[in-house]
Amino acid sequence: MPKMNLSHFEAAFLFSLFASVVMGVVTKRTDRDRLHYGIYTFVCFLVALFGLGWLMYFGHG
Amino acid sequence: MAKEKEVQQKQPMPPVGAWLPAVALGWLIPGGGHFLLKRNGRGALLAASVAGMFVCGLMMQGAMFQPQSGDLLTTLINTGGFIGDVCSGMLYLLSVCFGYSQLDAAGHVHDYGTKFLVTAGLLNVLAMVDAYEIAAGRKE
């Protein structure tokens, strides 16, 4: 099995992508709503990722 | 709206034979329940996402949880993690059969890998619930 060495950002980005696809597929009832919800979830993940990243940066002094 | 919810809650449990094959296949093969119910596009997306997350977890050398007893937190984390791992179905069974065994190691990549493996199982649970709702006629 090849090894994967990702940075925090890359790993969190992949995690967000896979989780958003599943949440979009299982949550809504029409394809259009699924696509919108999947994109919305992905954007929320990324906003949280950058937000928490900056928070930790400033919190660390 | 409230009445609609009440009516939905009062729906009788569908017969086991109607949903069990889809849910069981969904556990064994991620997205399999959707394929069985002829939702091929959604099944393919679920299969790709769950398998992708699991394989990334393996490539990051994440650890598989084993049930452990001890204090409450240890029991909760290890048993919960084990259940999450097992929910990946065939992916978990195959990796164990082929001897995948990775000790919990320090480092963010291993840590992410462990979380990827558990989350793949939890995402598969969401897919199984969706397959149940489709099979029960509560969803398209």
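Residues numbered from 1 in each chain as written. Chains lettered and ligands numbered in written order. Predicted model: local features only at pLDDT ≥ 70, side-chain atom pairs only at ≥ 80, totals over all residues.

**A closer look at the overall build of chain B**
Regarding its fold elements, chain B presents seven helices and zero strands. Of the regular secondary structure in chain B, the N- to C-terminal order runs α-α-α-α-α-α-α. Dimensions along the principal axes, computed over C-alpha positions, put chain B at roughly 50 × 35 × 25 Å. The buried share of chain B, reckoned over its 140 residues, is 39%. (Helix = DSSP H or I, 4+ residues; strand = E, 2+ residues; numbered from the N terminus. Buried ≥ 20, exposed ≤ 12 C-beta atoms within 10 Å, placed from the backbone.)

**Some points on the interface of chain A and chain B**
With 17 residues of chain A in contact, the opposing surface of chain B contributes 23 residues. A breakdown of the residues in the side of chain A that touches chain B according to their chemical character gives 13 nonpolar, two polar and two charged. (Contact = placed C-beta atoms within 7 Å. Nonpolar A, V, L, I, M, F, W, Y, C, P; charged D, E, K, R; others polar.)

**Details of unusual backbone geometry**
Residues and elements named next belong to chain B. Positive phi is not limited to glycine here, since Lys38 has a value of about 65 degrees. Topologically, Lys38 is positioned in the loop between helix H3 (32-36) and helix H4 (40-59). Phi is positive for Gln61, which is not a glycine, with a value near 60 degrees. Tracing the sequence through the fold places Gln61 in the loop between H4 and helix H5 (72-86).

**Re the packing of helix H1 (residues 8-27) of chain A against helix H2 (residues 31-59) of chain A**
All names here are of chain A. Remark: H1 packs on H2, axes separated minimally by 8 Å, with the N-to-C direction vectors making an angle of 150 degrees. As judged from the angle between their axes, H1 and H2 are roughly antiparallel. You can see that H1 and H2 cross each other, and the crossing is right-handed. For the pair H1 and H2, the contacting residues are Ala12, Ser16, Leu17, Ser20, Val21, Met23, Gly24, Val25 and Thr27 in the first and Arg34, Leu35, Tyr37, Gly38, Thr41, Phe42, Phe45, Leu46 and Leu49 in the second. (Axes fitted to C-alpha atoms, helices over the stretch in contact; angles between N-to-C directions. Parallel < 35°, antiparallel > 145°, perpendicular 65-115°, else oblique. Left-handed = near helix turned anticlockwise from the far one by under 90°.)

**Looking at helix H2 (residues 16-28) of chain B**
With 13 residues, H2(B) ought to run about 18 Å at 1.5 Å a step, and its terminal C-alpha atoms sit 18 Å apart, in line with that. Among the residues of H2(B), those classed as buried are B:Trp19, B:Ala22, B:Val23, B:Leu25, B:Gly26 and B:Trp27. (Expected span 1.5 Å × (residues − 1).)

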